[in-house]
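Below, each chain spelled out in residue letters.
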Amino acid sequence: MKYQIGSQGRIIVIRFDDRDDLIEGLESIAKKEDIRAGLVYVIGGMRKAKIVVGPEKDDLPPEPMWRALDEPNEILAVGTVFYDADAPKVHIHGAFARGDTVRVGCLRELSETFLVIEAVIMEIKGVSARREFDPASGLKLLKLA
């Protein structure tokens, strides 16, 4: 285990409107505002999304198990933002619900807002965390210097 201690910086409150791209929007704001590290909170509705709900098998590198959300779902999620080379990358895990069906997973690729999403980015100052490719997992994982 490795860790660093930082402090809270700016807090950015965002409203995403119907059909906005959540991931692209969060990464765009993080780049514009030079948020090098942060925590993301998300509540609202997703029109369409692709989520990873686990690995197919207990192997490295893992083969993702994908699920598509093709109709409006509620979302409650938390994530992080850290830089990967010269661009911020958002990593979000959340619960997605429609009726009695609830899925939990990692939001990737497709993230289209339904009606409205409220998001908050809380900047973390004073840490040197970043995303870096890990050959064993085949993923870009958190790296603490």
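Residues numbered from 1 in each chain as written. Predicted model: local features only at pLDDT ≥ 70, side-chain atom pairs only at ≥ 80, totals over all residues. Heavy atoms only, no water.

Draft legend 1. Structural detail: the overall build of the protein. In terms of regular secondary structure, the protein is built from one helix and eight strands. Seen in sequence order, the protein has helices and strands lined up from the N terminus as β-α-β-β-β-β-β-β-β. The C-alpha radius of gyration of the protein comes to 15 Å, within 12% of the 15 Å expected for a compact globule of 145 residues. Expressed along its principal axes, the backbone C-alpha trace of the protein runs to roughly 45 × 40 × 25 Å. (Helix = DSSP H or I, 4+ residues; strand = E, 2+ residues; numbered from the N terminus. Rg over C-alpha atoms; globule rule 2.2 N^0.38 Å.)

Draft legend 2. Seen up close, unusual backbone geometry. Going from leucine 60 to proline 61, the amide bond is cis rather than trans, its omega being -5°. Take proline 61: it is sitting in the loop between strand 2 (37–55) and strand 3 (64–69). With a phi angle near 75°, arginine 19 is a residue other than glycine that sits in the positive phi range. In this structure, arginine 19 sits in the loop between strand 1 (7–17) and helix 1 (22–32).

Draft legend 3. Structural detail: the pairing of strand 5 (residues 87–98). Examined bridge by bridge, strand 4 (residues 73–84) and strand 5 share eleven bridges and lie antiparallel to one another. The partner of tyrosine 83 across the bridge, within strand 5, is proline 88. A loop of two residues connects strand 4 with strand 5, the two strands running antiparallel in sequence, and alanine 85 in this loop sits at a positive phi of about 60°. Judged from the seven bridges that link them, strand 5 and strand 6 (residues 101–125) form a sheet pairing that is antiparallel. Across the sheet, residue arginine 98 finds its bridge partner in strand 6, namely threonine 101. Taken together, strand 5 and the strand that follows it, strand 6, pair antiparallel across an intervening segment of two residues, in which glycine 99 is found at a positive phi of about 60°. (Pairing = 2+ DSSP bridges.)

Draft legend 4. Structural context of the nonpolar core. Ranked by internal contacts, the top residues of the largest apolar core, which has 24 residues, are Leu22, Leu26, Val42 and Leu107. Listed by contribution, the elements that provide at least two residues to this core are strand 1, helix 1, strand 2, strand 4, strand 5 and strand 6. Element by element, the count of residues in this core is highest for strand 2, at five residues. With residues up to four places along the chain from it excluded, the contact list for valine 42 reads Leu22, Ile75, Leu76, Ala77, Ile117, Glu118 and Ala119. (Core = buried A, V, L, I, M, F, W, Y, C linked by side-chain atoms within 4.5 Å. Buried < 20%, exposed > 50% of the residue type's maximum accessible area, 1.4 Å probe, protein only. Contact = heavy atoms within 4.5 Å.)

Draft legend 5. Structural view of the side chain of asparagine 73. Residue placement: asparagine 73 occurs in strand 4. At 2.7 Å, the side chain of asparagine 73 forms a polar contact with the backbone oxygen of glutamate 71. Discounting chain neighbours no more than four positions away, the residues touching asparagine 73 are Gly44, Gly45, Met46, Phe96, Ala97 and Arg98. (Polar contact = N/O pair within 3.5 Å; in protein donor to acceptor, adjacent residues only side chain to side chain.)

Draft legend 6. Up close: the pattern of salt bridges. Overall, the coordinates contain twelve salt bridges when judged by the stated rule. A salt bridge links arginine 47 to aspartate 18; its shortest N-O distance comes to 2.7 Å. With arginine 47 in strand 2 and aspartate 18 in the loop between strand 1 and helix 1, the pair connects residues that are 29 residues apart, well separated along the chain. On the accessibility criterion, arginine 47 (15% relative accessible area) is buried. Aspartate 18 sits in the partly exposed class, given a relative accessible area of 35%. Salt bridges linked by common partners bring Arg10, Glu33, Glu123 and Lys125 together as one network. (Salt bridge = Lys/Arg side-chain N within 4 Å of Asp/Glu carboxyl O.)

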